[in-house]
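A closer look at the structure
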Amino acid sequence: MDLADLKDQQKIIQHLEGQGLQNVIFTNCVKDKNIKQVIPAVTELVRSSYRYHRGENVELCIMVIGVPNVGKSSLINSLRRQHLRKGKATRVGGEPGVTRAVMSRIQVCERPLMFLLDTPGVLAPRIESVETGLKLALCGTVRDHLVGEETLADYLLYTLNRHQLFGYVQHYGLGGACDDVGSVLKHVAVRLGKTQKVKVLTGTGNVNVIQPNYTAAAHDFLRAFRSGLLGPVMLDRDVLQSAPP
Ligand SMILES: Nc1nc2c(ncn2[C@@H]2O[C@H](COP(=O)(O)OP(=O)(O)OP(=O)(O)O)[C@@H](O)[C@H]2O)c(=O)[nH]1
Ligand SMILES: [Mg+2]
């Protein structure tokens, strides 16, 4: 909830409900916000479902699933901090594929006695469109080099401009909004001192020239976006707008 632009929170909930997803809770697993709502809601769902009414079973064991890098392990750690005052039980990281296998169950609450199973993130084998793929990549669900950091930076700049989110202009001290990713990355590289010496072969001899390191600039641009430094963004705003009222 801290990285997403939640101006249209109600629309997001409606859209998810339309897809059969209910009981949505917006959380921040880094700052432990809204985390305490999770266990009561889950417990109530299990208790009210007659499928799980097996008298002898008093403990709950639930699997946490989702796309890579979405914060599954962070949620488990946050629940343990909040309910048991216990430290990290499962490794987190800013890249996809941090959790590699279904590990042993992790206790997150005493009353009710609840255990969670952390799982590796999985993506659908087929992504419906290139744009959906780019959005997922922007959220770090696949390794950046598979798409290319500059390609991702280009899509990020396009999205920010389309949504009129100009936090990047201020963050990098640009003169104004710009839709040319080359110019933006050049400015970022120069500002951050990310330049490199490149040998240019000319007819009269080799010359060393200093060039902006576009990849390093793209890397910083993506990192800034993912840590919220460019402001909250709702990548799926177009999906909400095209949805029927
Ligand atoms: N800002 C913010 N960052 C978060 C939040 N939850 C998780 N993160 C960050 O997102 C990154 C991924 O978190 P993980 O918990 O490792 O994600 P995961 O879903 O377990 O990832 P895999 O095991 O690779 O599938 C880490 O850098 C976390 O610090 C959140 O609520 N807010
Ligand atoms: Mg994980």
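The name recorded for the chain in an unreviewed UniProt entry is Polyamine oxidase, from Phyllostomus discolor.

**Considering the pairing of strand 4 (residues 195-202)**
The sheet contact formed by strand 4 and strand 5 (residues 205-212) spans 8 bridges and is antiparallel. Bridge assignment links Thr-195 to a residue of strand 5, and that residue is Pro-212. Hairpin connection between strand 4 and strand 5: a loop of 2 residues separates the two successive antiparallel strands.

**Some remarks on the site of ligand 1**
The environment of ligand 1 is made up of 22 residues, and the closest members are Asp-2, Cys-29, Lys-72, Ser-74 and Gly-97. One of the side-chain N or O atoms of Ser-73 is found 2.8 Å from an oxygen atom in ligand 1. One of the backbone nitrogen or oxygen atoms of Gly-121 is found 3.1 Å away from an oxygen atom of ligand 1. For ligand 1, whose free accessible area comes to 650 Å², the fraction covered by protein is 84%.

**As for the coordination of the magnesium ion (ligand 2)**
All of the protein donors around the magnesium ion (ligand 2) are Ser-73 (OG) and Thr-99 (OG1); their distances to the metal are 2.0 to 2.2 Å. Highlighted residues: Ser-73 in helix 3 (residues 72-84) and Thr-99 in the loop between helix 3 and strand 2 (106-109), separated in sequence by 26 residues.

**Let's talk about the pairing of strand 2**
Looking at chain direction, strand 2 and strand 3 (residues 114-118) are connected through 3 bridges and run antiparallel. Bridge pairing links Ile-106 to Leu-116 in strand 3. Between strand 2 and strand 3, which pair antiparallel one after the other, the connecting turn spans 4 residues.

Definitions and limits used
Residues numbered from 1 in each chain as written. Chains lettered and ligands numbered in written order. Predicted model: local features only at pLDDT ≥ 70, side-chain atom pairs only at ≥ 80, totals over all residues. Heavy atoms only, no water. Pairing = 2+ DSSP bridges. Helix = DSSP H or I, 4+ residues; strand = E, 2+ residues; numbered from the N terminus. Near = heavy atom within 4 Å. Polar contact = N/O pair within 3.5 Å; in protein donor to acceptor, adjacent residues only side chain to side chain. Areas by Shrake-Rupley, 256 points an atom, 1.4 Å probe, with all protein chains shown as cover. Donors = N, O, S within 2.8 Å, 3.2 Å for Na, K, Ca; no water.

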